[in-house]
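Letter by letter, the chains look like this.
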Amino acid sequence: MRHLIELLDGAVEQAYVDAGLDYRPRYTPVMRVLAEQDSATIGTLAALGGLTQPAATQTVALMAKKGLLTIAASGEDGRQRMVSLSADGKALLPRLQVCWQATKSAADSLDAELAFPLSTCLEQAIAVLERRPFGARIRDANLPGRHDDSPPQEPSTQPSNDK
C-alpha cells in the first residue's frame, strides 16, 4: 500500500513541480473545500476534505505559513478559527484546477487499464473500514485459539444440548 501511495503521490507532486507550482498534494483537500466556499472552520475542512482533525490542523498551519490561507478568530469567544484563501491562494486556483483535471484524467486512464478500478476498490475499502476499523480486525485476529479469517463468533444465548 505504501509503495502504491509513493508512486501516485510522487507523480502528482512532480506534476506540480513541472507546472512551476510550489504546492504539495496534501493541500488539495483544503484548497478544494475553500474553492467551493469562502471560509470554513478546521472541523468543517476536515469533514468535507476527508481528513482527520489533526491532519487538517497541520495542513492549514503549513498552508498559512506558505501564504495560501488566512486564519481569523470567529465566534463569540474568539476560540474558533475561520480559514479562507488568501489572495495568493485564490490566484493559484486556476493553475491548480488544470493540474487537478490532468490528475483526474490520469486516474481515469489507470482505472481503465485495471481489472478492477482502483477508485472503486478504495471507496469500498474506506467504507468497510469505517464500519469495522483495521485495528479491530487485528485485535480479532490475535484472539487466542483463532487461526482462520472468519469473524469472531458471538456467544450463543441458546441452551446447549450437550450433556
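See above for the structure.
Conventions and cut-offs
Residues numbered from 1 in each chain as written. Predicted model: local features only at pLDDT ≥ 70, side-chain atom pairs only at ≥ 80, totals over all residues. Heavy atoms only, no water. Axes fitted to C-alpha atoms, helices over the stretch in contact; angles between N-to-C directions. Helix = DSSP H or I, 4+ residues; strand = E, 2+ residues; numbered from the N terminus. Left-handed = near helix turned anticlockwise from the far one by under 90°. Contact = heavy atoms within 4.5 Å. Nonpolar A, V, L, I, M, F, W, Y, C, P; charged D, E, K, R; others polar. Pairing = 2+ DSSP bridges. Core = buried A, V, L, I, M, F, W, Y, C linked by side-chain atoms within 4.5 Å. Buried < 20%, exposed > 50% of the residue type's maximum accessible area, 1.4 Å probe, protein only. Parallel < 35°, antiparallel > 145°, perpendicular 65-115°, else oblique.

## Considering the packing of helix α1 (residues 2-18) against helix α5 (residues 87-113)
Stage number 1. In contact at an axis separation of 10 Å, α1 and α5 are set at 145° when each is read in the N-to-C sense. Handedness of the crossing formed by α1 with α5: right-handed. In contact with Leu-8, Val-12 and Tyr-16 of α1, α5 contributes Leu-96, Cys-99, Trp-100, Thr-103 and Leu-110.
Stage number 2. Split into classes, the residues belonging to the contact of α1 with α5 amount to seven nonpolar, one polar and no charged.

## Looking at the pairing of strand β3 (residues 80-85)
Stage number 1. Of the pairings in the sheet, the one linking strand β1 (residues 39-41) to β3 comprises three bridges and is antiparallel in character. Its bridge partner lying in β3, Ala-40 is registered against Val-83.
Stage number 2. Examined bridge by bridge, strand β2 (residues 69-74) and β3 share six bridges and lie antiparallel to one another. Among the inter-strand pairings, Ser-74 is bridged to a residue of β3, identified as Gln-80.

## Quick word on the nonpolar core
Stage number 1. Residues Tyr-16, Tyr-23, Met-31, Leu-34, Leu-45, Leu-69 and Leu-96 are the most contacted members of the largest nonpolar core, which totals 25 residues.
Stage number 2. Elements with a minimum of two residues in this core: α1, α2 (28-36), α3 (42-49), α4 (53-65), β3 and α5.
Stage number 3. It is α5 that contributes the most residues to this core, five residues altogether.
Stage number 4. Discounting residues that sit within four places of it in the chain, Leu-96 has contacts with Tyr-16, Leu-21, Tyr-23 and Met-31.

## Quick look at the side chain of Thr-59
Stage number 1. As for its position among the elements, Thr-59 is in helix α4.
Stage number 2. Discounting residues that sit within four places of it in the chain, Thr-59 has contacts with Arg-26, Tyr-27 and Val-30.

## Concerning the packing of α3 against α4
Stage number 1. Close contact between α3 and α4 brings their axes to 9 Å; oriented N to C, the two are set at 115°. Accordingly, the angle class assigned to the pair α3 and α4 is roughly perpendicular. Both α3 and α4 take part in a crossing whose hand is right-handed. Contacts between α3 and α4 involve Ile-42, Gly-43, Leu-45 and Ala-46 from the first element and Gln-53, Ala-56, Thr-57 and Val-60 from the second.

## Structural notes on the sheet that holds β1
Stage number 1. Spatially, three strands are ordered β1-β3-β2 in an open sheet, and the strand pairing comes out antiparallel. Each edge of the open sheet is held by one strand with a lone partner, namely β1 and β2. With strand direction ignored, the average angle separating the axes of adjacent strands in the sheet is 30°.
Stage number 2. The sheet strands contacting α2 are β1, β2 and β3, and the helix crosses β3 at an angle near 85°.

From the geometry alone we can't say anything about function, so treat these as descriptive.
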